[in-house]
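# Structural overview for review
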Amino acid sequence: MTFRDAQTPSEKRSGTPLSRRAFTTAVGATAATAAGMAVAGPAAATAGTTAADDVTRERPFRAARGRHARRPNILFILGDDLGWADLSSYGSPHIRTPHLDRLARQGVRFTDAYSGSATCSPTRFSLYTGRYPGRTKGGLAEPIADRSVGLESTHPTLASLLRGVGYATALIGKWHCGYLPDYSPTRSGYDEFFGNFGGALEYYSKLGLAGEYDLYEGDAEYKDLRYYTRVLTERASAYVQRDHGDRPWLLNLNFTTPHWPWIADGDTEASAEIVRRIKAGDRSALRHGDGGSVEKYTEMVEDLDRSVGEVLTALKRSGQEKDTLVFFASDNGGERFSYNWPLAGSKSSLQEGGIRVPSVLRWPARIEGHQVSDLPVFSPDWTATLLELGGARPDPAHPLDGISLAGYLLRGETPKERDLFWRVRGERALRRGDWKYYRGRSGADQLFNLADDRREQADRAKAEPERLAALRASWERTDSGLLPYPTGS
């Protein structure tokens, strides 16, 4: 492994030497794994060593040119509130994720990938529409908590645009972009929907925050009181093995794991207590602020990993693995039991820990394995990329805010440097190259060089006033084109 302290932008994107960011990620993952081995003992050491070896064997991403493939099937998997370093391949010292590590080993692991926002609903808006959440009224809810707003059925989506060019489309799992009767995946381009409409549900009873039953097939309630992650895994495994004829397919598989409540498979007593509280009118029961632990969270993440492994096994069994693009990420940063080191902040914040997410892409027909990319990307980019790979064009009346990475992934093109923009109530952020402009709830403008300071502790605002002013002006130009937050919200 070679390392140079200074590289040109083109070298950082495609050159053989590891960039500083990729190098420190590899070292951090190796150190974290070693720490985990010391804590977890010999049984965990073998798995930990494998994860560390995977990281140190990675090479900077390079497109493999000259190969042809049909339009890919697309399996887009989201974890829920999974932290940036909650996978062993991203440095977790105590969580073992062999299936997701294998997925990363077989494709590309992104170190500087971001969600479209810091909470569930707006990120999903940004992914489904390819646009900033603030372009739509529903995207202003952070997150959606009632039936007043949602993703309008007239707005083009990843699913509707791909369906328009022949894809079969399905969403299995968490929707969280509006409730019936006005909003639903089947009104937004998905041929099929099986899952929950709200932001959270109790894993066995399927009761939501207000005590409503929230498991549906299409727009009709579906009764299944087994552990939710098991149910979603079965459904997704069946879908990827189905005979779709000559049609390629898109499956958005949105797990609720490891989102609260902190209940693992088999925790029926904890489930019963939460259900009792929900039925008694306790609106905080699902948030489970008086429960959970690092150990329970570890169980849930490792269960998510096993579940993804089951779906990937089913995909392989179907004979479609080579021609299926699989993407895995989290919808935003982790919560209180998550492992985000070295990032600061967590879900709901625009600090790195709230928006930087583990992201892995595999497409055996076109992309080689054991690769790592430090290209800064965010959710709307994947929308634009998948549309191009699927042969669909964006709707000109709803221009995308993301850029397609197809040229980067398949032809080795260097993407044009641009700004990544985020906005949530009380916070703002913008990334340009290695520099990040951030204003938190204190109201103070801050400037960080993420190549040197991923933890956002060395504020360069006073040392770089001109750069700060330029990034702030760019943020304000973009913000001026978005919908304002409702007064008093």
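Residues numbered from 1 in each chain as written. Predicted model: local features only at pLDDT ≥ 70, side-chain atom pairs only at ≥ 80, totals over all residues. Heavy atoms only, no water.

## Some remarks on the overall build of the protein
Selection criterion: The helix count covers DSSP runs of H or I at least four residues long, the strand count covers runs of E at least two residues long, and both are numbered beginning at the N terminus. Throughout this description, buried means an accessible area under 20% of the type-specific maximum (1.4 Å probe, protein chains only), exposed means over 50%, and partly exposed covers the range between.
Helix and strand content of the protein: 13 helices and 17 strands. By residue count, 60% of the 489 residues in the protein fall in the buried class.

## Concerning the confidence of the model for the protein
Quick reminder of the rule: For every residue, the pLDDT score states the predictor's confidence, bounded by 0 at the bottom and 100 at the top. Note on contacts: a residue pair qualifies if any of its non-hydrogen atoms lie within 4.5 Å across the two residues.
Averaged over all residues, the pLDDT of the protein equals 90, while 88% of them reach at least 70. Of the regions scoring below 50 in pLDDT, residues 1–49 engages in 79 contacts with residues more than four places distant in sequence or in other chains.

## Some points on the pairing of strand S6 (residues 192–196)
Rules: Pairing between strands is defined by DSSP: at least two bridges between them are needed.
The element S6 is largely enclosed, with a buried count of four among its five residues. Sheet topology note: the strand S5 (residues 168–174)/S6 ladder contains five bridges and is parallel. Following the sheet pairing, Leu 171 is matched in S6 by Phe 193. As paired strands, S6 and strand S7 (residues 216–217) are joined by two bridges and run antiparallel to one another. Residue pairing across strands places Gly 195 opposite Tyr 216, the latter belonging to S7.

## Focus: the pattern of salt bridges
We count it as follows: One side-chain nitrogen of Lys or Arg within 4 Å of one carboxyl oxygen of Asp or Glu is enough to make a salt bridge.
This structure, assessed with the given rule, holds 44 salt bridges. With a closest N to O distance of 2.5 Å, Arg 59 and Glu 368 form a salt bridge. Here Arg 59, found in strand S1 (residues 59–60), pairs with Glu 368, found in the loop between strand S11 (359–362) and strand S12 (371–373); they are 309 residues apart in sequence, far enough to count as distant. Residue classification places Arg 59 among the partly exposed positions, given a relative accessible area of 30%. Given a relative accessible area of 35%, Glu 368 falls into the partly exposed group. The partner of Asp 219 in a salt bridge is Arg 187, and the shortest N-O contact between them spans 2.6 Å. Of this pair, Asp 219 sits in the loop between S7 and strand S8 (220–221) while Arg 187 sits in the loop between S5 and S6, placing them 32 residues apart in sequence. Connected through salt bridges with shared partners, the residues Asp 112, Glu 352, Arg 356, Arg 431, Asp 434, Lys 436 and Glu 456 form a single ionic network.

## Section: the packing of aromatic side chains
Two aromatic rings, taken as a pair, are described by how far apart their centres are and by the angle between their planes. Convention followed: Between the rings of Phe, Tyr and Trp (Trp by its six-membered ring), a pair exists once the centres lie within 6.5 Å; its type follows the angle of the planes, with under 30 degrees stacked, over 60 edge-to-face, and the other angles tilted.
The full count for this structure, using the stated rule, is 20 aromatic pairs. Seen in terms of ring centroids, Tyr 132 and Phe 378 are 6.3 Å apart; in terms of plane orientation they differ by 55°. Their pairing is tilted. Of this pair, Tyr 132 sits in the loop between helix H5 (120–129) and helix H6 (158–163) while Phe 378 sits in strand S13 (residues 377–378); the two residues are 246 residues apart in sequence, bridging distant segments of the chain. Note on Phe 378: relative accessible area 1%, which makes it buried. Members of the aromatic cluster, joined through ring pairs, are Tyr 114, Tyr 132, Phe 378, Phe 421, Trp 422 and Trp 475.

## Quick look at the sheet that holds S8
Counted only if it meets this: Throughout, an axis means a line fitted to C-alpha atoms (over the contacting stretch in the case of helices), and angles, computed between N-to-C directions, take values from 0 to 180 degrees.
Taken in spatial order, the eleven strands of this open sheet run S1-S12-S3-S11-S10-S2-S9-S5-S6-S7-S8, and their pairing is mixed. Here the strands that pair on one side only, and so sit at the sheet edges, are S1 and S8. When strand S3 (residues 108–110) meets S11, the two strands line up antiparallel, connected through three bridges. Looking at the pairing, Phe 110 lines up with Ser 359 of S11. Against the sheet, helix H9 (residues 294–318) engages strand S2 (73–79), strand S9 (249–254), strand S10 (324–330) and S11, with an angle of about 170° to S10.

## Observations concerning the sheet that holds strand S15 (residues 427–432)
Strand order in the open sheet made by the four strands is S14-S15-S16-S17, with antiparallel pairing throughout. Two strands in the sheet have a free side with no partner beyond their single neighbour: strand S14 (419–424) and strand S17 (445–449). Sheet twist, expressed as the mean angle between neighbouring strand axes with direction ignored, is 15°. Sheet strands touched by helix H13 (residues 465–480): S14, S15, strand S16 (435–439) and S17. Its angle to S15, the strand with the most contacts, is close to 115°.

## Digging into helix H11 (residues 379–389)
The buried count for H11 comes to ten of eleven residues, which makes it a mostly enclosed element. Every buried residue of H11 is accounted for by Ser 379, Pro 380, Asp 381, Trp 382, Thr 383, Ala 384, Thr 385, Leu 386, Leu 387 and Leu 389.

## Examining the environment of Pro 98
On the secondary structure map, Pro 98 appears in helix H4 (residues 98–105). As for Pro 98 and Glu 302, which are separated by 204 residues in sequence, their C-alpha atoms are 8.8 Å apart.

## Observations regarding the pairing of S2
Burial of S2 is extensive: seven of the seven residues sit out of reach of the surface. The sheet contact formed by S2 and S10 spans seven bridges and is parallel. Within S10, the position partnered with Asn 73 by the bridge is Thr 324. Examined bridge by bridge, S2 and S9 share five bridges and lie parallel to one another.

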